[in-house]
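Okay, here's what each chain looks like letter by letter:
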Amino acid sequence: MSMTTATLRPNETGLRTDGRLERLRLFGLSSPAMLLILVILVIPVGWLFYVSFIGANGEFSLENYERMIKRRSYIRIFITTFQVSVLTTGLCILIGYPLAYFMAQLPNRLANLCLITVLLPFWTSLLVRTYAWLVLLQKQGLVNQWAMSLGLWDEPLKIVHNMTGTLIGMVHIMLPFLILPVYGAMKAIDRDYLMAASNLGATPRKAFWTVFFPLTTPGLFAGALMVFILCLGFFVTPAVLGGGKVIMVSMKIVSNIELFVNWGAASAMGVVLLIMTLVILWIASRFLRLDQITSGGR
Amino acid sequence: MTTRATEALPISVRNVTKTYGPVNALDDVSLEVKSGEFLTLLGPSGSGKTTLLMVLAGFTRPDCGSLKFGDDEVIRKPPHLREVGMTFQSYALFPHMTVAGNVGYPLRLRKRPKSEIAERVERALETVQLGGYGERRIDQLSGGQKQRVAVARAIVFEPRILLMDEPLSALDKKLRDQMQIELRHLHEQLGMTTVYVTHDQREALTMSDRIAVVNHGRIMQLSTPRDLYERPANRFVADFIGESTFLPVRRTDSDVFYGDTPLHYSGDLPETPDLLLMIRPERVVLSANGPVEGANNFTATASNVVYQGDSFLLHAWLQDGQQVVMRGAVRGNSATALPVVGDQVTLTMSPEDTVLIDGREA
């Protein structure tokens, strides 16, 4: 019986061994990366969780979390963080979507040029860009000087060291994250769809809202989600342009460590921020496939 | 079944020119499409046939010319006001809507009541034999089904003119043949004036009332399929439709000579000294008993014989070195009768099948 099986299924064991060896080789190739992730991600985050449950007396305690619920200043910080993130995301959509639309209409060569100017900020340090805004927006800065010499306003406006300045800086920095997936989604739309809509009787406006816009929403959601999540943990720009008036979670974490040397409180905030982010991602993933973030909604 | 709410409209294209830089995509094109006619624009890629269709639909703005649907001048009318149905090569079905959403789209734009939309959508889907498919997603459909939905969407608002841009080019051959018959049947049923674009000559011959052969932005010939095949106006048309071999001939007034042999021919000669004898492979007969009285006879040497199941192809050298191709039927006992390479054969062509065409480059 076993003889007949062997002859009917030639080379069965050899092929199975080959398959096992191949998997083993692949595992071997990816192990350095997995080790790296373990060392720089899993262990620190685990440590963060652990520290967040250690109280001031060095024993297990929930006091770091209780503080966040009880103290109104903490709640306000979370509210501010959400506020800044929502406003930045909204402004990015309002500015980025039309810009992406404009770029998508351009001939390829011009569109690529525009794309480079959109990407250009990526190649400049975040810190440099943030300080550049500080220079531009301050009382004697270029923006105020020009606006006044053009007669747009008479007194220098306070547009930095507050929410306005923070939003200007953050929108500028986040814009590419929105534009790229939206632009990708727009470029992927076959022109035939719009011609078909028009042929079937849709005015250009109607064709946009019933066909073009719905087809770009996966890209728009992906971009907006990316911007929103990046905003939640943002530090440099609100710290520099907010002038201490806009305090986000990340800034409070830093001050907890640098000012109060309270690692437990800082860790607890980090944990809460991480969990909030994961919850948002989880909710979002029910409405769109997350791999669309990289593929521009296709 | 679908009742005809409106009568079909004739289309009149006059002197339409469209240039892209130095290229004439359309070169002073004039064309009359009769009411209810199925007219095909046939040509190689880049010939201008699609440009002409885009002008009809309003997506391409010509440099000049006139376009009338019935008595209305529409050349400056934007596409969404033209009220013509159209199907696209890519189908262009909206992927974010269901089948019913797609088919109902033109009716929703026209603000028809919901119940009427549902009813007309279902009726249109039934017309293309997709009744009950309304709730399907577009990506759940096969190529042939997509094509049908595209047609349903184009006819649901009862346009009086239907434009089709290579609608079957993405389908496999078997389905294409079937859809050709179906579309033709649909046209007979609905009766709307139809302009159909294709580069497939067989498709054009199968489906059309008339065919306009387009090349270099001009209409080379506009005739019925049969005229086009049997009386092509010039070498381009003869070459594009069907296979043929061309032999140079000599003309003296009304006599035509191939070499020193006078040719028996039928029909009128084109008004040019520059004539070519068109030889369609299936109009040449292999004569077993030598030259036939009253027909045109050619002595040739077989250079290649290809057995193709339903027929055989014979390539043969004429005495002056010209090569001709003929196609013969294969019957049960004729296997022995097939010529072999090197055989001397006599090819004959009846005067009715002897067509002389304008040899000038059009």
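The rules behind these values
- Residues numbered from 1 in each chain as written.
- Chains lettered and ligands numbered in written order.
- Predicted model: local features only at pLDDT ≥ 70, side-chain atom pairs only at ≥ 80, totals over all residues.
- UniProt positions renumbered as here; feature names shortened; annotations may be inferred.
- Helix = DSSP H or I, 4+ residues; strand = E, 2+ residues; numbered from the N terminus.
- Rg over C-alpha atoms; globule rule 2.2 N^0.38 Å.
- Buried ≥ 20, exposed ≤ 12 C-beta atoms within 10 Å, placed from the backbone.
- Axes fitted to C-alpha atoms, helices over the stretch in contact; angles between N-to-C directions.
- Parallel < 35°, antiparallel > 145°, perpendicular 65-115°, else oblique.
- Left-handed = near helix turned anticlockwise from the far one by under 90°.
- Nonpolar A, V, L, I, M, F, W, Y, C, P; charged D, E, K, R; others polar.
- Contact = placed C-beta atoms within 7 Å.
- Domains from an automatic or database assignment.
- Pairing = 2+ DSSP bridges.
- Core = buried A, V, L, I, M, F, W, Y, C linked by C-beta atoms within 7 Å.
- Expected span 1.5 Å × (residues − 1).
- Arc of directions from axis to C-beta.

- Looking up chain B in an unreviewed UniProt entry gives the name Spermidine/putrescine import ATP-binding protein PotA, with the organism given as Aquicoccus porphyridii.
- Quoted straight from UniProt, the Subunit (unreviewed entry) entry for chain B says "The complex is composed of two ATP-binding proteins (PotA), two transmembrane proteins (PotB and PotC) and a solute-binding protein (PotD)."
- UniProt lists a comment for chain B under the heading Sequence similarities (unreviewed entry), and it reads "Belongs to the ABC transporter superfamily. Spermidine/putrescine importer (TC 3.A.1.11.1) family."

**Comments concerning the overall build of chain A**
Okay, so step 1: Along the backbone of chain A there are 14 helices and zero strands.
Okay, so step 2: In chain A, the succession of α and β elements from N to C terminus is α-α-α-α-α-α-α-α-α-α-α-α-α-α.
Okay, so step 3: A globule of 298 residues ought to have a C-alpha radius of gyration of about 19 Å, yet chain A, at 26 Å, is considerably larger.
Okay, so step 4: Taken along the three principal axes of its C-alpha coordinates, chain A extends 100 × 75 × 35 Å.
Okay, so step 5: The burial tally for chain A puts 30% of its 298 residues in the buried class.

**Some thoughts on the packing of helix H4 (residues 72-105) of chain A against helix H8 (residues 163-187) of chain A**
Residues and elements named next belong to chain A.
Okay, so step 1: Their axes nearest at 7 Å, the elements H4 and H8 cross at an angle of 45 degrees. Comparing their axes, H8 and H4 come out oblique. Here H4 and H8 pass one another in a crossing that is right-handed.
Okay, so step 2: Taken together, the residues of the contact of H4 with H8 sort by class into 22 nonpolar, three polar and one charged.

**Focus on the interface of chain B and chain A**
Okay, so step 1: On the side of chain A, 15 residues touch chain B, which itself brings 15 residues to the contact.
Okay, so step 2: When residues in the side of chain B that touches chain A are grouped by element, the largest group, three residues, is from helix H2 (residues 99-109) of chain B.
Okay, so step 3: Classifying every residue of the side of chain B that touches chain A by side-chain character gives 10 nonpolar, three polar and two charged.

**Description of the domain arrangement of chain A**
Residue and element names in this part refer to chain A.
Okay, so step 1: Parsing chain A into structural domains produces domain 1 (12-52) and domain 2 (67-295).
Okay, so step 2: Taking the mean C-alpha position of each, domain 1 and domain 2 sit 35 Å from one another.
Okay, so step 3: Between domain 1 and domain 2, the residue contacts involve four residues of the former and six residues of the latter.
Okay, so step 4: Residue composition of the side of domain 1 that touches domain 2, grouped by class: three nonpolar, one polar and no charged.

**Here's the deal with the sheet that holds strand S3 (residues 38-42) of chain B**
Strands pair in a sheet through their backbones, by hydrogen bonds, and they do so in one of two ways: parallel or antiparallel.
All names here are of chain B.
Okay, so step 1: In space, the six strands of this open sheet follow the order S6-S7-S8-S3-S9-S10, with mixed pairing throughout. The open sheet has two edge strands, strand S6 (85-87) and strand S10 (218-223), and neither has a second partner. Neighbour-to-neighbour, the strand axes of the sheet open up by a mean angle of 15 degrees, direction not taken into account.
Okay, so step 2: Pairing of S3 with strand S9 (residues 210-215), which is carried by four bridges, proceeds in the parallel orientation. In the strand pairing of S9, Thr40 is matched with Ile211.

**Remarks on the domain arrangement of chain B**
Residues and elements named next belong to chain B.
Okay, so step 1: Parsing chain B into structural domains produces domain 1 (11-236) and domain 2 (244-358).
Okay, so step 2: Summarising the inter-unit geometry, the C-alpha centres of domain 1 and domain 2 are found 39 Å apart.
Okay, so step 3: Each partner contributes to the interface: domain 1 provides six residues, whereas domain 2 provides six residues.
Okay, so step 4: Here the residues of the side of domain 1 that touches domain 2 are counted per class, giving two nonpolar, one polar and three charged.

**Thoughts on the pairing of strand S1 (residues 11-20) of chain B**
Residues in a regular strand point their side chains to alternate faces of the sheet.
All names here are of chain B.
Okay, so step 1: Both S1 and strand S4 (residues 64-69) contribute to a ladder of five bridges, which runs antiparallel. When the sheet's bridge partners are listed, Ile11 is paired in S4 with Phe69.
Okay, so step 2: One ladder, built from seven bridges, connects S1 with strand S2 (residues 23-33); its direction is antiparallel. Within the sheet, the bridge partner assigned to Ile11 lies in S2 and is Val33.

**Things to note about the packing of H2(B) against helix H4 (residues 143-155) of chain B**
Residues and elements named next belong to chain B.
Okay, so step 1: One way to put it is that H2 packs onto H4 with a least axis distance of 7 Å and a crossing angle of 25 degrees. Regarding the angle of H2 to H4, the classification is roughly parallel. Every pair of crossing elements has a handedness; the one defined by H2 and H4 is right-handed. Facing Val99, Asn102, Val103, Tyr105 and Pro106 of H2, the residues of H4 in contact are Val149, Ala152 and Arg153.

**Comments concerning the nonpolar core**
Okay, so step 1: With 105 residues, the main nonpolar core has B:Ala152 and B:Leu163 as its most contacted residues.
Okay, so step 2: Beyond its immediate chain neighbours, meaning those up to four positions away, B:Ala152 contacts B:Val103, B:Ala124, B:Leu125, B:Thr127, B:Val128 and B:Leu130.

**Notes on the sheet that holds strand S16 (residues 285-287) of chain B**
Residue and element names in this part refer to chain B.
Okay, so step 1: The five strands are arranged S16-S20-S17-S18-S19 in an open sheet whose pairing can be described as antiparallel. Strand pairing shows two members of the sheet lacking a second neighbour, S16 and strand S19 (323-329), which therefore form its edges. Strand-to-strand, the axes of this sheet are offset by a mean angle of 50 degrees, without reference to chain direction.
Okay, so step 2: Here seven bridges tie strand S17 (residues 296-307) to strand S18 (residues 311-318), and the two strands are oriented antiparallel to one another. Bridge assignment links Val306 to a residue of S18, and that residue is Leu313.

**Things to note about the environment of B:Leu277**
Residues and elements named next belong to chain B.
Okay, so step 1: Turning to its location among the elements, Leu277 is positioned in strand S15 (residues 275-279).
Okay, so step 2: Its 23 C-beta neighbours within 10 Å are what place Leu277 among the buried residues.
Okay, so step 3: Sequence-wise, Leu277 and Phe246 are 31 residues apart; in three dimensions their C-alpha atoms are separated by 5.5 Å.
Okay, so step 4: Not counting residues up to four positions away in its chain, the partners in contact with Leu277 are Phe246, Leu247, Val249, Tyr258, Leu263 and Leu356.

**Considerations on helix H3 (residues 114-127) of chain B**
All names here are of chain B.
Okay, so step 1: Taking 1.5 Å per residue as the helical rise, H3 with its 14 residues ought to reach 20 Å, and the 20 Å between its terminal C-alpha atoms agrees with that figure.
Okay, so step 2: Within H3 the residues assigned to the buried category are Ile117, Arg120, Val121, Ala124 and Leu125. The arc enclosing the buried residues of H3, seen along the axis, measures out at 135 degrees, which places them on a common side. Turned more than 90 degrees away from the buried face of H3, the exposed residues are Ser115 and Glu116.
Okay, so step 3: Residues of H3 that are buried in the fold lie against H2 and H4.
Okay, so step 4: Once H3 ends, the next one or two residues include Gln129, with phi positive near 60 degrees.

**Side note on the UniProt feature "domain: ABC transporter" (unreviewed entry) in chain B**
Okay, so step 1: Here the UniProt feature "domain: ABC transporter" (unreviewed entry) sits at residues 11-241 of chain B.
Okay, so step 2: The distance separating the terminal C-alpha atoms of residues 11-241 of chain B is 25 Å; by composition the span is 36% helix and 26% strand.

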